[in-house]
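Here's the letter readout for the chains.
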Amino acid sequence: MKPIAKLIATTLLGLAATNVVAGELITVYKSPTCGCCSAWIKHLKANGFEVQAHDTSRMDQVKQSLGVRPQHASCHTAEVSGYVIEGHVPANDIRRLLQEKPAVAGLTVPGMPMGSPGMEGARKDPYQVLTFDGAGNSRVFADY
């Protein structure tokens with residue numbers, strides 16, 4: 001491939017990847033008093049997502065209705081393009097999910113690990129982003 005053609009192809013692929021997020025609506029369900037949930041929403045917006053947030057005191061019901069099992073739970077739950085996003089999942093991993101479209105229910109970062117988006121602080125703990133399915137099975141999607 002000629003250098004100019006390669007540059008054009010690379011640029012177009014980059015634009016296509018960006019367009020996966022442009023205008024993509026994520027609906028977030030969270031406790032009205034949760035500060036880290038609001039910080040995660042800011043992370044999503046800073047990374048090009050459109051966010052619609054709903055405060056609710058019935059998070060257990062939301063999680064159950066969307067198929068989030070206790071071992072995958074965190075503080076907030078979201079929906080985007082038919083996928084469930086549970087907890088402090090980085091925007092880049094959501095973008096990758098939307099590009100690859102794997103046959104899973106969604107992504108989760110169980111618990112609330114320090115250093116994940118929305119949980120920034122003095123320390124950064126290692127954590128994993130997992131895929132999960134309707135049967136409760138999970139696999140590692142990304143390591144941090």
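Analysis parameters
Per-chain numbering applies: the sequence of each chain, read as written, is numbered from 1 onward. Residue-level local features of this predicted model are given only where pLDDT is at least 70; pairs of side-chain atoms are given and counted only at 80 or more, and the full residue set underlies all totals for whole chains, interfaces and linings. Calculated side-chain values reflect all of the structure's heavy atoms, with hydrogen atoms and water omitted. Two strands are said to pair when DSSP picks up at least two bridges between them. For the purposes of this entry, the term helix denotes a DSSP run of H or I that reaches at least four residues, the term strand denotes a run of E that reaches at least two, and both are numbered from the N terminus. Simply put, an axis is a line fit to the C-alpha atoms, just over the touching stretch for a helix, and the angle between two N-to-C directions goes from 0 to 180 degrees. Throughout, a contact is declared for two residues whenever any of their heavy atoms are within 4.5 Å. Side-chain rings of Phe, Tyr and Trp, where Trp is taken by its six-membered ring, are said to pair if the distance between their centres is within 6.5 Å; with planes under 30 degrees apart they count as stacked, over 60 as edge-to-face, and otherwise as tilted. Any Lys NZ or Arg CZ found within 6 Å of a ring centre and within 35 degrees of that ring's normal is scored as a charge over the ring. Note on classification: 1.4 Å probe, protein chains only; a residue is buried when its accessible area is under 20% of the maximum for its type, exposed when over 50%, partly exposed between these limits. N or O atoms within 3.5 Å of each other form a polar contact, as long as, within protein, one can give a hydrogen and the other can take it, and as long as residues adjacent in sequence are counted only when both atoms are side-chain atoms. The term salt bridge refers to a side-chain nitrogen of Lys or Arg lying within 4 Å of a carboxyl oxygen of Asp or Glu.

Hey, could you go over the sheet that holds strand β5 (residues 106-109) for me, with residue numbers and the actual values?
Spatially, the seven strands line up as an open sheet ordered β2-β1-β3-β4-β5-β6-β7, and their pairing is mixed. Strands at the two margins of the open sheet, each flanked by one partner only, are β2 (50-55) and β7 (138-143). Sheet twist, expressed as the mean angle between neighbouring strand axes with direction ignored, is 25°. Inspection of the sheet shows strand β4 (residues 83-87) paired to β5 by four bridges, in the parallel sense. Paired with valine 84 across the strands is glycine 106, a residue of β5. Contacting β1 (25-30), β2, β3 (77-80) and β4, helix α2 (residues 35-46) runs over the sheet at an angle of about 175° to β1.

Provide a residue-level description of the packing of aromatic side chains, including the pertinent values.
For any pair of aromatic rings, the description rests on two quantities: the centre-to-centre distance and the angle between the ring planes. With the rule as written, the count across this model stands at one aromatic pair. Judged by centre distance (5.0 Å) and plane angle (15°), the ring pair of tyrosine 127 and tyrosine 144 falls under stacked. Highlighted residues: tyrosine 127 in the loop between β5 and β6 (128-132) and tyrosine 144 in the segment after β7, separated in sequence by 17 residues. For arginine 96, the ring lying beneath its charged end belongs to phenylalanine 141, and the centroid distance is 3.7 Å.

Lay out the side chain of histidine 76 with the relevant residues and their values.
With respect to the helices and strands, histidine 76 occurs in the loop between α3 (59-65) and β3. We classify histidine 76 as buried; its relative accessible area is 0%. Polar side-chain contacts of histidine 76 include one of 2.9 Å to the backbone oxygen of glycine 87. Apart from residues lying up to four places away in sequence, histidine 76 is in contact with Val28, Tyr29, Lys30, Cys37, Trp40, Met59, Lys63, Ile85, Glu86, Gly87 and His88.

Describe the pattern of salt bridges, naming the residues involved and giving the relevant values.
Tallying each qualifying case throughout the model produces four salt bridges. In this structure, aspartate 55 engages lysine 30 in a salt bridge whose closest nitrogen and oxygen atoms are separated by 2.8 Å. Residue aspartate 55 is located in strand β2, and its partner lysine 30 is located in strand β1; the two are separated by 25 residues in the primary sequence. The partner of lysine 63 in a salt bridge is glutamate 86, and the shortest N-O contact between them spans 2.6 Å. Placement of the pair is lysine 63 in helix α3 and glutamate 86 in strand β4, with a sequence separation of 23 residues. The class of lysine 63 is buried, set by a relative accessible area of 8%.

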